[in-house]
Amino acid sequence: RENGNLIIKSILDENGHWTSARLTTRGKTSFVYGKIEFRAKVPPYRGNWAAGWTLGDDYVDELSWPYCGEIDILESVGYEMNDTTGNGIAHASVHCGAYYFKLGNQPTNTINVSEMHTKFHTYSIEWSESEISAFVDDQKYFSYGDTSSALSWPFDKAQNIILNLAMGGGWGGLKGMDQNVDTQKMTLDYVRVYEKK
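These numbers come from a predicted model, not from an experiment.

1. Notes on the overall build of the chain
Moving on, step 1. Helix and strand content of the chain: 1 helix and 13 strands.
Moving on, step 2. In sequence order, the chain lays out its α and β elements as β-β-β-β-β-β-β-β-β-β-β-β-α-β.
Moving on, step 3. On C-alpha atoms alone, the chain measures out to a radius of gyration of 16 Å, which is about the 16 Å that the 2.2 N^0.38 rule sets for 197 residues.
Moving on, step 4. Overall, the C-alpha framework of the chain stretches about 50 × 35 × 30 Å when taken along its three principal axes.
Moving on, step 5. With 197 residues in all, the chain has 46% of them scored as buried.
Moving on, step 6. Across the chain, the fraction of contacts at a sequence separation of at least 24, relative to all contacts at a separation of at least 6, is 69%.
Moving on, step 7. Surface accessibility of the chain: about 9900 Å² in total, with carbon and sulfur atoms responsible for 47%.
Moving on, step 8. When the 18 positive and 25 negative side-chain charges of the chain are each reduced to one mean point, those points stand 4 Å apart.

Following this line, the structure appears as structure tokens:
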């Protein structure tokens, strides 16, 4: 914790390896339909991949994904951040058996976010029986609503929440790591869930 905020911190050790954290509600709480929002600042440096997302409780191993369903409320990668202004890009997506990144057809969209690493912004989804929509600071920029089959709509089952800061990987590390930093952090003011009754 820092100034009342939750910090997810990644640290470079003396052997050149990064360590970080993933926080999840899996096994503790999950829900179907409603609104999830969190207020956060994301790190600006190359190599990081900050995310807030949900994963279906049906997830068991790699074989059960993406059929369990995944909703990306926010994904942000450091190399898309402007070093001077701190302006960045927020990504929202869904993954399921019919649509996911390995097929190259995942439903997704982006929005430019000013001062993404210096100011708090609110990232949220609204999830109903027929649609999932994503917002930044109450501005809607993404929606998905293919309920035609179990492959395209596994989102009628419970999902749990994940918050994490990854380092490197196929997307975060796509343009290399910033060699001038040995720590990066994602700062969270709050996470709120409003379950639909």
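Here the narrative resumes, following the displayed structure.
2. Things to note about unusual backbone geometry
Moving on, step 1. Residues Trp65 and Pro66 are joined by a peptide bond in cis, for which omega reads 10°.
Moving on, step 2. Looking at the secondary structure, you find Pro66 in the loop between strand 5 (48-56) and strand 6 (70-77).
Moving on, step 3. Phi at Asn3 is positive, roughly 55°, even though this residue is not glycine.
Moving on, step 4. According to the relative accessible area criterion, Asn3 is exposed, its value standing at 76%.
Moving on, step 5. If you check the backbone angles, Glu115 has positive phi at about 45° while not being a glycine.
Moving on, step 6. Within the secondary structure, Glu115 is located in the loop between strand 8 (108-113) and strand 9 (121-127).

Calculation rules
- Residues numbered from 1 in each chain as written.
- Predicted model: local features only at pLDDT ≥ 70, side-chain atom pairs only at ≥ 80, totals over all residues.
- Heavy atoms only, no water.
- Helix = DSSP H or I, 4+ residues; strand = E, 2+ residues; numbered from the N terminus.
- Rg over C-alpha atoms; globule rule 2.2 N^0.38 Å.
- Buried < 20%, exposed > 50% of the residue type's maximum accessible area, 1.4 Å probe, protein only.
- Contact = heavy atoms within 4.5 Å.
- Areas by Shrake-Rupley, 256 points an atom, 1.4 Å probe, with all protein chains shown as cover.
- Lys, Arg positive; Asp, Glu negative; His and termini not counted.
- Charge placed at Lys NZ, Arg CZ, Asp CG, Glu CD.

These figures come from the coordinates and say nothing about function on their own.
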